[in-house]
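Chain residues, written in single-letter form:
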Amino acid sequence: MTQEVYRQWKRWEEKAVKDADTAKELLGWKQETEKIGEWKNPEPEEESPGSPKASELEAQITECFYKDLEFGTGGLRGIIGAGTNRMNVYTVARASGGYARYLEGLYSGREGIEVVIAYDSRRKSTEFAKAAAEVFAAAGIRVHLFRELMPTPVLSYAVPYLGCSGGVVITASHNPAEYNGYKVYGRDGGQITGEAAESIFAEIQKLDIFDDVKRLPFEEAVEQGKISFVPDSLLDAFIKDVSHEAFGGEIDRNIKIVYSPLNGTGLKPVCRVLKENGFSDVHVVEEQKDPDGNFPTCPVPNPEKKEALTLALRDAERLDADLVLSTDPDCDRVGIAVKSAKGYCLLSGNETGILLLDYICRRRRETGKMPDDPLAFKTIVTTDLAAEIAEGYDVEMRNVLTGFKYIGEQISLLESADEKGRFILGIEESYGYLTGTYVRDKDGVDASLMICEMAGYHKAKGHSLLEVLDGIYEKYGYYLNTQHTYSFPGKDGIEKMRELMESYRGNMRTFPACCGLNMIQADDYKTSKRWLPDGRILPIDLPPSNVVKFIWEDGTSIAVRPSGTEPKLKVYIQAVGKSREKAEEKERVLKEWLKVL
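Enquirer: I'm lost on the overall build of the chain in this one. Help?
Expert: Counting its secondary structure elements, the chain contains 18 helices and 22 strands. Expected size for 597 residues packed as a compact globule is a radius of gyration near 25 Å; at 25 Å, the chain falls within 12% of this value. Burial analysis of the chain (597 residues in total) assigns 58% to the buried set. In the chain, 69% of the contacts between residues at least 6 apart in sequence involve partners at least 24 apart. Summing over all exposed atoms, the chain offers an accessible surface of approximately 24900 Å²; the carbon and sulfur share of this is 47%. When the 77 positive and 96 negative side-chain charges of the chain are each reduced to one mean point, those points stand 1 Å apart.

Enquirer: What should I look at first to understand the packing of aromatic side chains in this one?
Expert: Ring pairs (aromatic) are described by centroid distance and by the angle formed between their planes. Counted according to the given criterion, the structure contains 17 aromatic pairs. Centroid distance Y99 to F136: 6.0 Å. Interplanar angle 80°. Geometry classified as edge-to-face. On the criterion of sequence distance, the pair formed by Y99 in helix α4 (residues 89-106) and F136 in helix α5 (residues 125-138) is long-range, its members being 37 residues apart. Clustering of aromatic rings is evident, with ring pairs tying together W12, W29, F65, Y90 and F210. A cation over an aromatic ring shows up here: K10 above the ring of W9, its NZ or CZ 4.1 Å from the ring centre. Above the face of the F218 ring, K130 is positioned so that its terminal group lies 5.0 Å from the ring centre.

Enquirer: Hey, could you run me through helix α10 (residues 267-276) in this one?
Expert: Three or more residues of α10 are buried, namely L267, P269, V270, V273 and L274. Positive phi appears at G278, one or two residues downstream of α10, with a value of about 90°.

Enquirer: Where do I start with the state of the cysteines in this structure?
Expert: Applying the stated rule across the entire model yields 0 disulfides. C271 takes part in no disulfide bond, and the closest cysteine sulfur, belonging to C331, lies 9.9 Å away. You can call C271 partly exposed: its relative accessible area is 22%. The closest cysteine sulfur to the non-disulfide-bonded C345 is located on C452, 17 Å from its own sulfur.

Enquirer: It is not clear to me how helix α1 (residues 3-15) should be interpreted in this structure. Could you clarify?
Expert: Relative to the 18 Å expected for 13 residues at 1.5 Å per residue, α1 spans 18 Å between its end C-alpha atoms, a close match to the ideal helical length. Looking only at α1, the buried set comprises V5, Q8, W9, R11 and W12. The arc that holds the buried residues of α1, viewed along the axis, is 165°, so those residues lie on one side. Turned more than 90 degrees away from the buried face of α1 sit Q3 and E14, all of them exposed. Buried residues belonging to α1 abut α2 (20-35), α3 (52-65) and α4.

Enquirer: Even after reading the chapter, I still don't get the pairing of strand β13 (residues 396-400), so can you show me in this structure?
Expert: If a strand is regular, its side chains alternate between the two faces of the sheet. Both strand β12 (residues 375-379) and β13 contribute to a ladder of 5 bridges, which runs parallel. By the bridge assignment, L375 is partnered in β13 with E396. Crossover β12 to β13 through helix α13 (residues 385-392) is right-handed.

Enquirer: Just to check I follow, could you spell out the pattern of salt bridges for this structure?
Expert: Between side chains of opposite charge, a pair can form as their charged atoms come close. Counting across every chain of the model gives 44 salt bridges. Residues K206 and E203 are paired through a salt bridge, measuring 3.3 Å at the closest nitrogen-oxygen approach. Taking relative accessible area as the criterion, E203 reaches 16% and is therefore assigned buried. Salt-bridge contacts for D315 lead to R318; the nearest nitrogen and oxygen are separated by 3.7 Å. Remark: R318 and D315 occur in helix α11 (residues 310-319); sequence separation between them is 3 residues, near one turn of the helix. The exposure class assigned to R318 is exposed, which follows from its relative accessible area of 60%. Ionic contacts of the salt-bridge type, sharing partners, join the residues R11, K15, D208 and D211 into one network.

Enquirer: Would you explain the environment of F488 in this entry?
Expert: Relative to the helices and strands, F488 resides in the loop between β16 (478-487) and α17 (491-506). Judged by relative accessible area, which is 14%, F488 ranks as buried. Excluding residues within four positions of it along the chain, F488 makes contact with G493, I494, K496, M497, L500, P567 and L569.

Enquirer: Can you help me understand the packing of helix α12 (residues 349-367) against α13 in this one?
Expert: The description of two helices packed together rests on the angle between their axes and the distance between the axes. The interhelical angle for the contact between α12 and α13, taken along N-to-C directions, is 10°, at an axis separation of 10 Å. Judged by the angle between their axes, α12 and α13 are roughly parallel. For the pair α12 and α13, contact is made by I354, L357, D358 and R365 and by L385, A386, I389, A390 and G392, respectively. Among the residues making up the contact of α12 with α13, the classes are represented as 6 nonpolar, 1 polar and 2 charged.

Enquirer: I tried to follow the sheet that holds strand β14 (residues 423-428) on my own but got confused; where do I start?
Expert: The strands making up a sheet associate through hydrogen bonds between their backbones, and the pairing can be parallel or antiparallel. Pairing is mixed in the open sheet, where 4 strands are placed in the order β13-β12-β14-β15. Edge positions in the sheet fall to β13 and β15 (432-434), since each of these pairs with one other strand and no more. Taken over all neighbouring pairs, the strand axes of this sheet differ in orientation by 15° on average, direction set aside. For β12 and β14, the ladder comprises 4 bridges, and the chain directions are parallel. Opposite L375, over in β14, you have F423 as the bridge partner. Sitting on the sheet, helix α14 (residues 405-416) is in contact with β12, β13, β14 and β15, with an inclination near 155° to β12.

Enquirer: Help me understand the side chain of D19 in this model?
Expert: The topology assignment puts D19 in the loop between α1 and α2. At 2.6 Å, the side chain of D19 forms a polar contact with the side chain of T22. Those residues in contact with D19, other than ones at most four positions away along the chain, are V89, Y90 and K124.

Enquirer: How do you make sense of the sheet that holds strand β20 (residues 548-552) when you look at a structure like this?
Expert: The 7 strands are arranged β16-β22-β21-β20-β17-β18-β19 in an open sheet whose pairing can be described as antiparallel. The two strands at the open ends of the sheet, each matched to only one other strand, are β16 and β19 (537-539). Looking at each pair of strands side by side, their axes are set apart by 15° on average, direction ignored. When strand β18 (residues 529-531) meets β19, the two strands line up antiparallel, connected through 3 bridges. The partner of W531 across the bridge, within β19, is I537.

Enquirer: What am I meant to see in the nonpolar core here?
Expert: Soluble globular proteins: nonpolar side chains tend toward being buried together. Counting 119 residues, the largest nonpolar core has F146 and F238 as the members making the most contacts within it. With 9 residues, the single largest contributor to this core is helix α15 (residues 444-460). F146 has contacts with V116, I117, A118, Y119, V154, L155, A158, F229, V230 and L234, leaving out every residue within four places of it along the chain. Counting residues in each nonpolar core, the second largest holds 55 residues, with M1, V92, A196 and I204 among its members.

Procedures and definitions
- Residues numbered from 1 in each chain as written.
- Predicted model: local features only at pLDDT ≥ 70, side-chain atom pairs only at ≥ 80, totals over all residues.
- Heavy atoms only, no water.
- Helix = DSSP H or I, 4+ residues; strand = E, 2+ residues; numbered from the N terminus.
- Rg over C-alpha atoms; globule rule 2.2 N^0.38 Å.
- Buried < 20%, exposed > 50% of the residue type's maximum accessible area, 1.4 Å probe, protein only.
- Contact = heavy atoms within 4.5 Å.
- Areas by Shrake-Rupley, 256 points an atom, 1.4 Å probe, with all protein chains shown as cover.
- Lys, Arg positive; Asp, Glu negative; His and termini not counted.
- Charge placed at Lys NZ, Arg CZ, Asp CG, Glu CD.
- Phe/Tyr/Trp six-rings, centres within 6.5 Å; stacked < 30°, edge-to-face > 60°.
- Lys NZ or Arg CZ within 6 Å of the ring centre and 35° of its normal.
- Disulfide = S-S within 2.5 Å.
- Expected span 1.5 Å × (residues − 1).
- Arc of directions from axis to C-beta.
- Pairing = 2+ DSSP bridges.
- Right-handed = clockwise from strand over helix to strand, strands pointing away.
- Salt bridge = Lys/Arg side-chain N within 4 Å of Asp/Glu carboxyl O.
- Axes fitted to C-alpha atoms, helices over the stretch in contact; angles between N-to-C directions.
- Parallel < 35°, antiparallel > 145°, perpendicular 65-115°, else oblique.
- Nonpolar A, V, L, I, M, F, W, Y, C, P; charged D, E, K, R; others polar.
- Polar contact = N/O pair within 3.5 Å; in protein donor to acceptor, adjacent residues only side chain to side chain.
- Core = buried A, V, L, I, M, F, W, Y, C linked by side-chain atoms within 4.5 Å.

Right, dumping it as structure tokens:
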């Protein structure tokens, strides 16, 4: 145990006494060390205690204190617990203090800086939201707080709706139950990107977590009018704007839908928007209906995972449903399964995305709502089949960095150029979609409505979503897009990921062949350089990001990046073939190729 870790640990024992959960955990460590006789008076920098139990406890304490929880474009995200590297009221309050200082500097001289705060169903979300509100109130920033848990896209909507300078949502999205997080939004309702995140982080670093962070007690702040509650009319307005995205027309609204909010925030808004748009045959999974931050029915509340949809698939089989719909805890992602001859088939985020793209383009043409010079956006790791489909409808498809915040940023740039009407769709492979410009983030409420309308539209014409998808593959070729995640936990994990990324980056200029194909392009988004086999180096017109991508002549590709919110390395494989079988064989070769590289 280093001297700094030991110092931090003992300081928290002394200072972190107001939050009962944190104090309890710290006391538990203290009692454990006293039980282990050799730990009564540990000396920093000396050899670790010899017993396995003592070594395990030392490793646990070190993990909690060896660094500060990192703040980036995704805000904070981490395991709930005591320590500088954990999510607790102290790390949340410090982040809020830094964000308050940032807002004060950004809007210096202006009166009436305001923020809005939302939270989801996770453990400690309410406490963290109140702690953040107390810090903003103490800094003289007026706070609008939702009375009940609310989806992330509603927070995005609320920031400009209420005329706020920024917003915060307490959520860890689809992470396991032991996690929580803190996401920051700018005045346009978009999640912050690189420059803002760096500036906020710099302000956070200036604050001592105990001595410099002031909080005005919640009830006192409410009495003084420094904290007020968001009116119910805001959600009414949000639902109305989502409903405006629907096309209407000849749609089978009697399709049977099984829906799971995965014990999160989606229940009320998703069920309401479906009902108000005529979809009344909606069956909610009983065990996953009510908010529960322990997520007792699945290890990870992620609609990308089949395990999370097990109960929904059970109900779908029993009810002979047309469609299975599931949103993650903060209701910004949507996963679906559709009925087939062999049971229910789960669609990937890429597959749902290309179906939505085809549907939006088709219906805009049919209804005369296709704008001049239409624009759609996807992330660099989302299937390139989307670009092929867009071209077929004379829609321009633009790539942005990984993360829906960059799509939201593009919508704001279009708005500033008075071209917002050009936007028709944003998609990302991680189950994020948006069809309108009323928010600046992916929206599971909007996506749920549009997916149901799409399914009803095609059913009215005698087609299933799988048949439509097969038609797309028949026209453009089969694109098999898969994601593979590799975990690197602990303090050594970050270094291991860094070494692997540099290893891949070092092989970029050798242009190795694979699957009998020549490599035609190697992109390093960290240096914003595109390497070509003839020796040319072209610029990539995107902000720097730690991503590498290898592309072969038929569109087959591999992209690799570290996760921005978890200690994981993510690999995105796109295997292109004339059939699914050909693409699957190519994917197996690509996975082995990556290991050798």
